[in-house]
Amino acid sequence: MVSGTLRTASAGRTSPEASATETPALTCSHLSAVYPGRQGDVQALRDIGFSIRDREFVSIVGPSGCGKSTLLRIIAGLQQPTAGSVSFGGASRPGTGLVFQEHGTFPWMTVVENLAFGLEMQGMPRDERQARALDYANRLGLGQFVHAFPRELSVGMRQRVDIGRAFLSGAPLLLMDEPFGALDAQTRWVLQEELLRIWLESRKLVVFVTHDLDEAVLLSDRVLVMSGRPGTIRQDVSIDLPRPRDSRRDHAAIREYTWHMWQLLEPDVRSGLAIKG
Amino acid sequence: MTHRLSEGRRTAAFVAVALFGAWEVASRSGGLSPTFMPAPTTVLGTLGRELAGGLVGHLAMTMGRVFGGLLLGAVPALLLGFAMGLSPAVQRSVDPFVSALHPIPKLALLPLLMVLLGIGEAPRLTVIAAGAFFPMLLNTLTGVRQISGVHIDVARSYGATNKQILRRVILPGSVPMVLTGLRLATNLAFLTAIAVEMLGASDGLGAQLWLSWQTLRVDLLFAVLTLIAVIGVSISAGLRLLARRGAPWLSEHTAQI
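Residues numbered from 1 in each chain as written. Chains lettered and ligands numbered in written order. Predicted model: local features only at pLDDT ≥ 70, side-chain atom pairs only at ≥ 80, totals over all residues. Heavy atoms only, no water.

Novice: How do you make sense of empty space enclosed by the protein when you look at a structure like this?
Specialist: In this approach the atoms are scanned with a rolling probe the size of a water molecule, which exposes any empty space left behind. All names here are of chain A. Taken as a whole, this structure holds four cavities of 30 Å³ or more when the rule is applied. Of the voids in this model, the largest cavity is the one considered here, and its volume is about 50 Å³. Of all the secondary-structure elements, those providing two or more residues to the lining of the largest cavity are helix H6 (155–168) and helix H7 (185–202). Sorting elements by how many residues they give to the lining of the largest cavity places H7 first, with four residues. Considering only residue class, the lining of the largest cavity consists of six nonpolar, one polar and two charged. (1 Å grid on protein atoms, 1.4 Å probe; cavity = no way out; pocket = protein on both sides within 12 Å on 5 of 7 lines; lining within 4 Å. Points joined across faces, edges and corners; volume = space filled by probe spheres on them. Helix = DSSP H or I, 4+ residues; strand = E, 2+ residues; numbered from the N terminus. Nonpolar A, V, L, I, M, F, W, Y, C, P; charged D, E, K, R; others polar.)

Novice: What exactly am I supposed to notice about the sheet that holds strand S1 (residues 26–37) of chain A here?
Specialist: Residue and element names in this part refer to chain A. Strand order in this open sheet of three strands is S2-S1-S4, and the pairing throughout is antiparallel. Looking at which strands have only one partner, the edges of the open sheet turn out to be strand S2 (40–52) and strand S4 (83–88). Sheet twist, expressed as the average angle between the axes of neighbouring strands with direction ignored, equals 20°. Bridge count between S1 and S2: nine bridges; the pairing is antiparallel. Pairing of Cys28 across the sheet is with Phe50, part of S2. (Pairing = 2+ DSSP bridges. Axes fitted to C-alpha atoms, helices over the stretch in contact; angles between N-to-C directions.)

Novice: Would you mind going over the sheet that holds strand S5 (residues 96–99) of chain A with me for this structure?
Specialist: Each strand in a sheet pairs with another by means of backbone hydrogen bonds, the pair being arranged parallel or else antiparallel. Residues and elements named next belong to chain A. Spatial strand order, S5-S6-S7-S3-S8-S9: six strands in an open sheet with mixed pairing. With partners counted over all chains shown, the strands left at the sheet margins are S5 and strand S9 (233–238), one partner each. This sheet shows a mean twist of 15° between the axes of neighbouring strands, independent of strand direction. By the bridge criterion, five bridges tie strand S6 (residues 173–177) to strand S7 (residues 205–209) in an arrangement that is parallel. Note on S7: the bridge partner recorded for Leu174 is Val206.

Novice: How should the interface of chain A and chain B be read in this particular structure?
Specialist: The extent of an interface is frequently quoted as the accessible surface area lost upon association of the parts. Each partner contributes residues to the interface: chain A has 24 residues there, and chain B has 19 residues. Overall, the association of chain A and chain B removes approximately 2,000 Å² of surface from exposure, summing both partners, and the carbon and sulfur fraction of that is 63%. When the area that chain A buries against chain B is broken down by residue, the three leading residues are Trp108, Met121 and Arg151 of chain A, summing to 34%. Between the two partners, chain A and chain B, sit three salt bridges. Here Glu120 of chain A ties to Arg167 of chain B by a salt bridge, and the two come within 3.9 Å at their closest N and O atoms. Remark: the boundary between chain A and chain B carries eight residue pairs in polar contact (both at pLDDT 80 or more). Contributing elements (two or more residues each) for the side of chain A that touches chain B: S5, helix H4 (117–121) and H6 of chain A. The dominant element in the side of chain A that touches chain B, judged by the number of residues it contributes, is H4 of chain A, at four residues. (Contact = heavy atoms within 4.5 Å. Buried area = accessible area lost by both parts, 1.4 Å probe. Salt bridge = Lys/Arg side-chain N within 4 Å of Asp/Glu carboxyl O. Polar contact = N/O pair within 3.5 Å; in protein donor to acceptor, adjacent residues only side chain to side chain.)

Novice: I'm lost on helix H5 (residues 121–145) of chain B in this one. Help?
Specialist: Note on helix geometry: an α-helix contains 3.6 residues per turn, so any two residues three or four positions apart are oriented the same way. Here H5 of chain B is 25 residues long and its end C-alpha atoms lie 36 Å apart, about the 36 Å a rise of 1.5 Å per residue gives. For H5 of chain B, the buried fraction is high: 18 of the 25 residues fall into the buried class. (Expected span 1.5 Å × (residues − 1). Buried < 20%, exposed > 50% of the residue type's maximum accessible area, 1.4 Å probe, protein only.)

Novice: Any chance you could explain the domain arrangement of chain B here in plain terms?
Specialist: Residues and elements named next belong to chain B. Splitting chain B by domain gives domain 1 (1–37) and domain 2 (38–256). The distance between the C-alpha centroids of domain 1 and domain 2 comes to 31 Å. On the side of domain 2, seven residues touch domain 1, which itself brings 10 residues to the contact. Carbon and sulfur atoms supply 64% of the area that domain 1 and domain 2 bury against each other, a total of about 700 Å² over both sides. Looking at the side of domain 1 facing domain 2, the largest losses of area belong to Trp23, Glu24 and Phe36, adding up to 49% of the total buried there. At the boundary of domain 1 with domain 2, the tally comes to zero salt bridges. In terms of residue class, the side of domain 1 that touches domain 2 is made up of five nonpolar, three polar and two charged. (Domains from an automatic or database assignment.)

Novice: Quick question: what am I supposed to make of a nonpolar patch on the surface here?
Specialist: Together, Leu112, Val115, Leu116 and Leu117 of chain B make up a nonpolar patch on the protein surface, roughly 420 Å² of accessible area in all. Considering the arrangement of structural elements, one finds Leu116 of chain B in helix H4 (residues 110–117). (Patch = residues over 30% accessible without salt bridge, like charges linked within 9 Å, V, L, I, M, F, W, Y side chains within 5 Å. Areas by Shrake-Rupley, 256 points an atom, 1.4 Å probe, with all protein chains shown as cover.)

Novice: Please explain helix H2 (residues 68–76) of chain A as it appears in this structure.
Specialist: Residues and elements named next belong to chain A. Across the nine residues that make up H2, a large majority, seven, are buried. By the burial criterion, the buried members of H2 are Lys68, Thr70, Leu71, Leu72, Ile74, Ile75 and Ala76. Within two residues after H2, Gly77 carries a phi angle of roughly 85°, on the positive side.

Novice: Sorry if this is basic, but what is going on with the confidence of the model for chain B here?
Specialist: Low-confidence regions, as indicated by low pLDDT, have predicted coordinates that should not be scrutinised in detail. Mean pLDDT over chain B works out to 91, with 96% of the residues at or above the 70 mark. Per-element averaging of pLDDT across chain B places helix H10 (residues 252–256) of chain B at the bottom with 54 and H5 of chain B at the top with 96. (pLDDT = per-residue confidence, 0-100.)

Novice: Looking at this model, I keep getting lost on the pairing of S9 of chain A. Mind explaining?
Specialist: Each regular strand displays side chains that alternate between the two surfaces of the sheet. Residues and elements named next belong to chain A. For S9, the buried fraction is high: five of the six residues fall into the buried class. Relative to S9, strand S8 (residues 222–226) runs antiparallel, the two sharing five bridges. Pairing of Val223 across the sheet is with Val237, part of S9. Hairpin connection between S8 and S9: a loop of six residues separates the two successive antiparallel strands.

This is the structure we're talking about:
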């Protein structure tokens, strides 16, 4: 694994050495994924290795087709790696909340039923989970929509529900696959801020896949920059910016990081374009 | 939008009244032969008299055959559809039979079934059930198949067991297509019931249609046809209501398909 860290003069609070003694909550070692294809096998991931501490927010960025989503599915246990393993600080895979780009909410459940789904699967009695979901909905500004179906909501509202469901479930591990990818820029800002706020309150371990570098820097403690296919980890970048952060106020500091990441990514993005013609 | 819709309805009502009015006048004045095109009021009069007489019994027979056929055809199709959708092994073993039997016009089986099952209700119900079976089966199968993998992944990640996935994801997720299957199955069962009744039954609306042709009672023919049309419309309305109740999350548009 390549592990370089970018330091900026403005910040530098957490040092990787201090945290190295802590047991990682999630470790991926030597992960590879190969898909059988028509013209031979396609290697999606090659020798991916990293570990994440509890309560850490880690983003994965990379050119399209680099296997980001495959990596997330492997961590979620929805797909087996061809080689390598995923291990968790505890013995078995902890409860996991999955958030997707658009259609993650169940169309046949109301907002409150969607929010309560994680609790329902844990066997919480109906009245209790209903009460908790209603309370959470009010806090998220979804109060007037609790009995609406997802079809009746905007995409932004649906994503609020999807993210709320993940946090409300109490799962210690949250995996998000471009949850803001289908939103317009302004809605995205609002939801990014909201996500930061709820995350700061609860401090779950979040693995967040995105293609938006600004988003990755704004939200994360660390950003894993992947290469084009086969996906490997090109660099593990610590984001040493104090929280709470603000996308517009901290614009200049964020841009230093994104510029650095873009330099890492650009050749792969260009060659990816060339391949697809 | 609602305004234009109601305007469209007004136009339709106007056209209908004009058409029936012209028919009435033409039939009464002798412009149309009252024997072959009896006036609408004559038809309604006949319908009222016949309903007070024996027609209600025939109606009950037909509806009994439709529901019996649905029970025997659509219900097993629903269960088999789920089994095929959930298990590739079941689908692989049933598929060849479906491909071989589905294209046969089910009515063509009636003579053979009469040889095998004897003359009576059994061959009729079998044909109606066979008509209802396939649309229900294929739509249920599609309903299970089209459920988004994302929803199954999400449910699984929150710790859902297979049973919970079935109950909270697959069953509700397949409801729209199951409802479509039920609508097609009911329409086909109704159509097939009328057809088998015309082929040698002594009771039911189809038998009455055939009788009125044989005795050249055209007013009765029109009366029975009117009744059949009313039942057809009522079945559609009932199923739409069922869709709204059973799947309130569907948009009005989807529910009406």
